Amino acid sequence: MAADMTEKVKELQQNPSHIRNIAICAHIDHGKTTFSDNLLAGAGMMSEALAGKARTLDFHEDEAERGITIDSASVSMIHNVEGEDYLINLIDTPGHVDFGGDVTRAMRAVDGAIVLTCASEGIMPQTETVLRQALKERVRPILFINKVDRLIREVKLTPEEMQKRFIKIINDVNSLITKLAEDGYKEKFQVSVNDGSVAFGSAFHNWALSIPYMKKKNISFKEIIDAYEAGGEEYKILAKKAPIHEVILSMVVNNHPDPVTAQKYRIPKIWHGDLESEAGQDLINCNINGEVAFVPIKIVVDPHAGEVAAGRLFSGTIKQGDELYMNIAKTKVKAQQVSIYKGASRVQLDRVVAGNIVGIVGLRDVVVGETISVNPIVPFEAISHLFEPVVTKSISAKKTADLPKLIEVLRQVGKEDPSLRIEINEETGESLISGMGELHLEIIENRIKTEKGLDIECGSPIVVFRESVIKPSPPAEGRSPNKHNSFFLTVEPLEDNISEAIVEGIVPSGRIKKKDKALDETLVGLGITRDEAQQYRDVFQGNVFLDKTKGEVHIGEVIELVLDSFEEVMKAGPLAREPTLRLKVSLVDLKLHEDSIHRGPAQVYPAIREAIREAFKGATPTIFEPVQVHQIEAPIEFMGAVTSLISTKRGNLNDVQQDETGITIRAELPVQEMIGWTSDLRSATEGRGVSSLVSQTFKKMPNELQVKVIAQIRERKGLAENQ
């Protein structure tokens with residue numbers, strides 16, 4: 001970046017009303033990376049000759065090799081509209097569902113999203129997923145319909161037919177927004193050709209059009225068709241007449257909010273502190289002189305600077321050398337360097353201000369989603385991922401001497417990709433790594449071998465199940481080892497609507513303070529009696545704990561120990577040490593020794609474990625398995641092959657549609673049967689079938705399979721009968 005460009009960026013980052021923070025999100029292979037390259041080239045951030053081929057934002061070798069974007073990278077551009085310069089911070093996100101976690105995190109940092117769809121394929125499952133993630137964070141969508149050249153050259157549509165196709169895509173996107181957005185935003189976030197929040201074009205050929213631009217430059221749609229029909233390279237004229245970066249970046253400036261406007265309605269959604277407090281007002285007004293509030297959405301390991309935390313600065317100013325406070329870790333750290341982005345490189349500044357996407361070096365042990373300030377403040381809502389990791393592999397170093405390096409590398413990888421779950425076992429040297437699917441884990445493995453230069457061995461994929469119960473149990477007693485304390489607990493299935501509210505973040509996870517009025521009201525609104533709502537003490541990994549005891553004098557002294565123990569059992573249930581799901585555990589009575597020395601952790605933990613285990617047995621325990629809904633597309637002649645493949649994998653057909661181009665099937669498949677799914681589908685369809693994940697849930701496993709599965713898991717974990 002030339003020196004004057006750097007100066008301009010420094011100047012513009014001081015003025016939040018001239019900043020736009022945006023992400024591009026789309027289905028895999030709809031042309032996102034080519035699109036962002038062209039925006040960069042047009043804004044003078046890379047050479048035009050390389051645009052679309054350089055894949056500037058794919059700077060991992062495995063991204064370039066596989067031709068898919070894996071990490072979301074951040075970049076800043078300058079664009080001039082009506083004589084005014086604007087700083088546009090763009091985060092490129094992956095389309096492949098195994099990297100959906102990256103999309104979710106990107107949405108926390110931006111205020112606007114460019115939803116990119118393919119003109120011939122229209123809305124795809126991933127488009128719906130990324131749109132859901134954007135709307136969940138109150139991020140405003142605008143629409144770009146890509147690959148229009150294919151409609152003219154390959155499908156040979158008339159202008160009227162093309163118009164119909166565009167209207168259908170726009171209507172589909174708007175009906176999705178109506179379905180997914182919260183009340184008050186269903187109308188507000190609609191996209192429309194007339195206000196310029198829709199554009200269409202070809203990222204590959206570097207042109208785009210929107211109605212306002214066509215009026216301003218006096219270009220008609222006929223000119224586009226003529227340019228392609230003239231043959232040769234006539235279409236190159238379009239890139240000069242209507243360059244993609246000019247149309248799209250102007251659309252962003254005119255239709256996406258600046259941080260000052262956006263934070264007024266986004267902060268109440270993603271920060272649950274007191275909005276009237278000083279910090280609350282600083283956040284809502286994006287006050288550059290107020291309390292610092294920085295949320296990292298990505299940790300990138302820079303070979304020279306070490307860990308760089310990239311994220312959004314919602315309020316305040318951070319200068320090099322500032323002492324900062326991490327609110328979740330409760331530790332102090334120092335900002336050694338502050339910077340903003342350009343492609344994969346950072347431009348170091350002496351200070352960064354609210355409203356920007358920034359990189360900070362020196363935040364030791366920081367994790368994604370942390371809230372960083374100067375004085376302690378309420379942390380931002382946890383960034384919740386749509387899907388949980390359900391496939392696990394064991395991973396170990398080939399050479400024993402490499403074990404310390406493996407532990408270090410796994411910690412690093414876990415930071416770089418928080419949608420992974422990593423369990424490190426320093427004693428056995430075998431660690432577990434859990435991800436969204438086979439591809440996700442395969443790529444992480446590859447990265448450890450190539451980028452981190454470590455020789456590793458991985459086990460075959462294991463599916464993670466969940467333990468639950470079917471009916472309420474009678475009270476079960478757990479006695480402490482010294483026989484002086486007794487706890488009586490019941491276990492029952494959690495109500496479906498409460499379970500859904502936890503997943504959607506309506507009922508927040510975490511331990512509950514005695515007088516949480518907001519939570520009481522939420523639970524009463526969901527149909528829970530006021531008495532019961534006030535008994536909630538903990539929401540942990542989709543399970544809840546209630547204290548139903550009355551008038552127990554010493555309960556306050558042991559309740560934290562009881563909750564510790566409850567959480568431990570929820571992480572590894574009684575059946576086979578798998579995590580539990582949708583459980584409601586209630587403490588109904590207890591008898592405690594008068595003397596506090598006789599009711600410490602060593603007495604309480606085993607008693608609670610025993611009581612939950614016993615209650616579990618009396619509530620008809622069951623295993624739930626992860627089930628994914630996939631959308632499968634293939635040519636019509638493979639209909640039979642695909643449906644029989646689904647049935648051999650214990651799958652169910654939810655929906656089958658066919659048109660002149662092929663079949664689209666939605667099927668529900670148990671993850672356990674999906675190991676090797678991609679290659680099975682390829683061979684069944686001669687390489688022409690594609691499958692993408694739509695959603696994921698846990699469902700009760702058929703009874704006839706349960707005993708076998710429990711025995712297999714216990715054997716794999718080496719559990720004795722009474723463990």
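First, a word on scope: everything that follows refers to the structure included in this document. Given the structure is predicted, the values throughout are model-derived calculations rather than measurements.

## Remarks on the side chain of Arg20
For step 1, the next point in the chain: If you trace the backbone, Arg20 turns up in strand β1 (residues 19–26).
For step 2, the next point in the chain: Within the buried set, Arg20 has no salt-bridge partner at all; the shortest N-O distance to an opposite charge, 4.6 Å, is to Asp258.
For step 3, the next point in the chain: Reaching out from Arg20, the side chain makes a polar contact with the backbone oxygen of Val253 at a distance of 3.1 Å.
For step 4, the next point in the chain: The residues contacting Arg20, other than those within four sequence positions of it, are Tyr86, Leu87, Ile88, Asn89, Val252, Val253, His256, Pro257 and Asp258.

## Some words on the packing of helix α21 (residues 639–648) against helix α22 (residues 677–684)
Two measures define how a pair of helices packs: the angle their axes make with one another and the distance between the axes.
For step 1, the next point in the chain: Relative to each other, α21 and α22 sit at 150°, their axes nearing to 9 Å. By the criterion of interaxial angle, the relationship of α21 to α22 is roughly antiparallel. In this structure, the crossing between α21 and α22 has a hand that is right-handed. The segment α21 lies against α22, with Ala641, Val642, Leu645 and Ile646 engaging Trp677, Asp680, Leu681 and Ala684.
For step 2, the next point in the chain: A class-by-class count of the residues in the contact of α21 with α22 yields seven nonpolar, no polar and one charged.

## A few points about the pattern of salt bridges
For step 1, the next point in the chain: Scanning the entire structure with this criterion turns up 34 salt bridges.
For step 2, the next point in the chain: One continuous salt-bridge network, built from bridges that share partners, spans Arg108, Asp111, Glu137, Arg266 and Arg312.

## So, the sheet that holds strand β27 (residues 536–540)
Hydrogen bonds between backbone groups are what pair the strands of a sheet, and the pairing can be parallel or antiparallel.
For step 1, the next point in the chain: Pairing within the open sheet is mixed, and its six strands lie in the order β24-β25-β29-β28-β27-β26. This sheet does not close on itself; its edge strands, each paired only once, are β24 (476–479) and β26 (510–511).
For step 2, the next point in the chain: Of the pairings in the sheet, the one linking β27 to strand β28 (residues 543–547) comprises four bridges and is antiparallel in character. Bridge pairing in β28 places Asp538 opposite Phe545.

## Details of the nonpolar core
For step 1, the next point in the chain: If you look at the biggest cluster of nonpolar residues, it comprises 78 residues, and the most contacted ones within it are Phe35 and Ile248.
For step 2, the next point in the chain: Dropping the residues within four chain positions of it, Ile248 is found in contact with Phe35, Leu39, Ile114, Phe144, Ala199 and Ala208.
For step 3, the next point in the chain: Within the second largest apolar cluster, 57 residues are counted, among which are Val391, Val409, Val562 and Ala576.

## Points about the pairing of strand β8 (residues 293–302)
For step 1, the next point in the chain: Counting buried positions over the ten residues of β8 gives eight, a clear majority of the element.
For step 2, the next point in the chain: Bridge analysis of β8 against strand β9 (residues 306–315) gives nine bridges, and the strand direction is antiparallel. Of the residues in β9, the one forming a bridge with Ala293 is Ser315.

## Let's talk about the packing of aromatic side chains
For step 1, the next point in the chain: Counted according to the given criterion, the structure contains ten aromatic pairs.
For step 2, the next point in the chain: Judged by centre distance (6.4 Å) and plane angle (50°), the rings of Trp207 and Tyr228 are tilted. With a gap of 21 residues between them, Trp207 in strand β7 (residues 207–209) and Tyr228 in helix α9 (residues 221–229) connect regions that are remote in the sequence. Tyr228 shares its class with Trp207; the two are buried.
For step 3, the next point in the chain: For the pair Tyr228 and Tyr235, a centre-to-centre distance of 5.5 Å together with 15° between the ring planes defines the contact as stacked.
For step 4, the next point in the chain: Through a chain of ring-to-ring contacts, three or more aromatic side chains come together here, namely Phe166, Phe200 and Phe221.

Criteria and thresholds
- Residues numbered from 1 in each chain as written.
- Predicted model: local features only at pLDDT ≥ 70, side-chain atom pairs only at ≥ 80, totals over all residues.
- Heavy atoms only, no water.
- Helix = DSSP H or I, 4+ residues; strand = E, 2+ residues; numbered from the N terminus.
- Buried < 20%, exposed > 50% of the residue type's maximum accessible area, 1.4 Å probe, protein only.
- Lys, Arg positive; Asp, Glu negative; His and termini not counted.
- Salt bridge = Lys/Arg side-chain N within 4 Å of Asp/Glu carboxyl O.
- Polar contact = N/O pair within 3.5 Å; in protein donor to acceptor, adjacent residues only side chain to side chain.
- Contact = heavy atoms within 4.5 Å.
- Axes fitted to C-alpha atoms, helices over the stretch in contact; angles between N-to-C directions.
- Parallel < 35°, antiparallel > 145°, perpendicular 65-115°, else oblique.
- Left-handed = near helix turned anticlockwise from the far one by under 90°.
- Nonpolar A, V, L, I, M, F, W, Y, C, P; charged D, E, K, R; others polar.
- Pairing = 2+ DSSP bridges.
- Core = buried A, V, L, I, M, F, W, Y, C linked by side-chain atoms within 4.5 Å.
- Phe/Tyr/Trp six-rings, centres within 6.5 Å; stacked < 30°, edge-to-face > 60°.

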